[in-house]
Amino acid sequence: MRGTLVLNASFEPLSTVSLNRAVVLVLQDKAVVEQAHPGLRVRAAAVDLPVPRVIRLCRYVRVPFRRQAPWSRRGVLIRDLHRCAYCGRRATTVDHVVPRAQGGADAWLNTVASCAEDNHRKADRTPEQAGMPLLRAPFEPTPADAMLLALGQDGREALPEWLASGRVAA
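## Section: the sheet that holds strand β4 (residues 48-57)
Logical step 1: With mixed pairing, four strands are arranged side by side in an open sheet as β2-β1-β4-β3. In this open sheet, the two edge strands, each paired with only one partner strand, are β2 (13-17) and β3 (31-43). Neighbouring strand axes in the sheet, compared pairwise and without regard to direction, differ in orientation by 35° on average.
Logical step 2: Sheet topology note: the strand β1 (residues 4-7)/β2 ladder contains four bridges and is antiparallel. Looking at β2, one finds that Leu-7 is bridged to Pro-13.

Here's what the structure looks like:
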């Protein structure tokens, strides 16, 4: 359970929140549970409700249009499924395709997930200069794709078909 997906009243994805925040929103009647984790419940003296996987806000929240997902190191690792772009092993760091020392920026199309060994071996060189080809090219996820990626592979599989059928490739 990585997080709970929050849908606007119009069923568009807004964000992910912690389980605690999702329960508070439901208890305050600001949201309703659209999908719950099967067999799991939150229980207290006067409370018994299913553990929410997806909640929907009761009132519509106007959100400014966002053309692109904000870049972050965590986002790059999630986008690349924590797999090194050079060898395919577990990635723990983010590497700049065009190094910052050569003018490379912190951007979706210039960063990839990398294991520490390959990041160190590549150093301040481009993949061509280091003789380390990328296994897959970096891409820029849409804001909705980034949100679904943040839910994790198991979270996407458990979502309703109409919501999980986005363009995100696992």
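Following the structure, the description resumes.
## Some words on the confidence of the model for the protein chain
Logical step 1: Averaged over the protein chain, the pLDDT score is 85; the fraction of residues at 70 or greater is 86%.
Logical step 2: Here residues 166-170 scores under 50 on pLDDT; set against residues more than four positions off or in separate chains, the count is nine contacts.

## Re the packing of aromatic side chains
Logical step 1: Within this structure, the stated rule accounts for zero aromatic pairs.
Logical step 2: The aromatic ring of Phe-139 is capped on one face by Arg-79, whose charged end is 5.5 Å from the ring centroid.

Rules used in this analysis
Residues numbered from 1 in each chain as written. Predicted model: local features only at pLDDT ≥ 70, side-chain atom pairs only at ≥ 80, totals over all residues. Heavy atoms only, no water. Pairing = 2+ DSSP bridges. Helix = DSSP H or I, 4+ residues; strand = E, 2+ residues; numbered from the N terminus. Axes fitted to C-alpha atoms, helices over the stretch in contact; angles between N-to-C directions. pLDDT = per-residue confidence, 0-100. Contact = heavy atoms within 4.5 Å. Phe/Tyr/Trp six-rings, centres within 6.5 Å; stacked < 30°, edge-to-face > 60°. Lys NZ or Arg CZ within 6 Å of the ring centre and 35° of its normal.

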